[in-house]
Structures are given as C-alpha cells and as structure tokens.
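# What the coordinates show
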Amino acid sequence: GLSESHKQLYYRETVATTWEVSFRSVKEKDSLADTILRISAFLDGKLIQKELFYGANLMVRGSQVLATEWEVNKAFGTLMAYSLVHPLMGKQSVDMHLLIQTVIRDFESSEQLQWFTASAQLVLRRFPWGGDLDNMKDCIKYLSQAQNSATLAEELQITSSIISDLLDSMAR
C-alpha cells in the first residue's frame, strides 16, 4: 500500500484534478457560471447570496455583461449540476466548500486580484452604509461577506478604494 504522505498527496491531487475537469466543463458550457464560480471563490462560501449577482455588471469572457436574475439562477443551476455549490434550504443562497474555493484560488493565482476585486465590488454594492438606518437590514445580511472581503484583502495584501469603502461602511 501507499504511505500516509503518498495517500494524502494522491487524494489531494485526484480531487483537485477532478474539480479542474469540472471547472473546464463549466467554462465551456456556461461562461456566466464560470465567472460566478471564480468570483464565488473569494466570497464567504458558507452563505453565498445569489442576489449579490442580480443586476451586476460582470466581466464574462472579456465583455461586460449585465447579469439578470434569470441568467444568474441558470448559472447557479449549472454550478449545482457539477456539485461545485449546494443550495441552502429555504434561502436564495448556496454554499461552496472551502476546499473548492482554495483550489480555484490556487488555479487562478495569476488572476487573483481580478476575481477578488470583482467579489469585493459585488459586496460593496450591497453593503453601502451611508448612515441610512433603512439600509441596516441589508448591511447585516451581507456583513459576513464584507468581513470575508476585508480578511482576504489583508491575506492577499490588497489595498484598494473598494476595501477602504467596505471597511468604512463596516465601521459605521
């Protein structure tokens, strides 16, 4: 049999390879799903709200695309078909396993800044404090996403006006 270290390496490589095949299939089948997958790798994977993507301008294969609710839900359907995300009962949200997020971030290391920035912009769209108490409910709904963006920005050593604005909203 294989030693423990060989088993760990073998299993890790096998799982990553299997996911990579799924990532490629998604990219060929549904380019919006591919974009959402890569952005979602930088979100709080425990609770990814689909509405983060509704009405968002997303870069899909080099072109700006305004993502409609229908298109976003269809794209998430594609991701669910490949078991890359799982629906959360009673919520218009999905979860994505941390290992899937990590593998995507590793595969996309040269594009980390692009995908991280896209995710942080989506969160900021839904988390503008601005002193409006009516907006407090939405801010609380997306607090984990804002916190995740701030944590990742620190880990990846990314400074930007998006992160500054998010931190300002969180502080208020």
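Report on the accompanying structure. (Residues numbered from 1 in each chain as written. Predicted model: local features only at pLDDT ≥ 70, side-chain atom pairs only at ≥ 80, totals over all residues. Heavy atoms only, no water.)

### Things to note about the sheet that holds strand β5 (residues 93-95)
To keep it simple, the criterion reads: Strand pairing is defined by DSSP finding a minimum of two bridges between the two strands. To qualify as a helix, a DSSP run of H or I must reach at least 4 residues; to qualify as a strand, a run of E must reach at least 2; elements of each kind are numbered from the N terminus.
One open sheet accounts for 3 strands, arranged β1-β5-β4; its pairing is antiparallel. With one partner strand each, in any of the chains shown, β1 (48-49) and β4 (86-87) form the two edges of the open sheet. Pairing of β1 with β5, which is carried by 2 bridges, proceeds in the antiparallel orientation. Along β5, the bridge assignment pairs Gln 49 with Ser 93.

### A closer look at the layout of surface pockets
What counts is decided by this rule: We place a 1 Å grid over just the protein atoms. Points where a 1.4 Å probe fits but has no way out form a cavity, open points with protein on both sides within 12 Å along at least 5 of 7 lines form a pocket, and any residue with an atom within 4 Å of a point lines it. Grid points are joined across faces, edges and corners, and a volume is the space filled by probe spheres set on the points. Residue polarity is assigned by list, with Asp, Glu, Lys and Arg as charged and Ala, Val, Leu, Ile, Met, Phe, Trp, Tyr, Cys and Pro as nonpolar; anything else, Gly included, falls into the polar class.
In this structure, the largest pocket encloses a volume near 210 Å³. Taken together, 14 residues line the largest pocket, and the ones lying closest to its centre are Asn 57, Leu 58, Met 59, Ala 118 and Gln 121. Of all the elements in the fold, those that place two or more residues in the lining of the largest pocket are α2 (31-40), β2 (57-60) and α5 (112-126). Broken down by element, the lining of the largest pocket gets its largest block of residues, 7 residues, from α5. Class assignment of the residues belonging to the lining of the largest pocket gives a composition of 7 nonpolar, 6 polar and 1 charged.

### Looking at the packing of helix α7 (residues 143-156) against helix α8 (residues 161-171)
Two packed helices can be described by the angle between their axes and the distance between those axes. The condition that has to hold: Axis definition: a line fit to C-alpha positions, over the contact stretch in the case of helices; interaxial angles, taken between N-to-C directions, run 0 to 180 degrees. Roughly parallel refers to an angle under 35 degrees, roughly antiparallel to one over 145, roughly perpendicular to one between 65 and 115, and oblique to any angle outside these ranges. Crossing handedness is read from the near helix: turned anticlockwise from the far helix by less than a right angle, it gives a left-handed crossing, and turned clockwise, a right-handed one. Two residues qualify as a contact provided that any one of their heavy atoms is within 4.5 Å of a heavy atom in the partner residue.
Close contact between α7 and α8 brings their axes to 10 Å; oriented N to C, the two are set at 135°. Compared by their axis directions, α7 and α8 come out oblique. When the axes of α7 and α8 are compared, the crossing they make is left-handed. The segment α7 lies against α8, with Leu 143, Ala 146, Gln 147, Ser 149, Ala 150 and Ala 153 engaging Ile 163, Leu 166, Leu 167 and Met 170.

In short, shape yes, function no, at least from these values alone.
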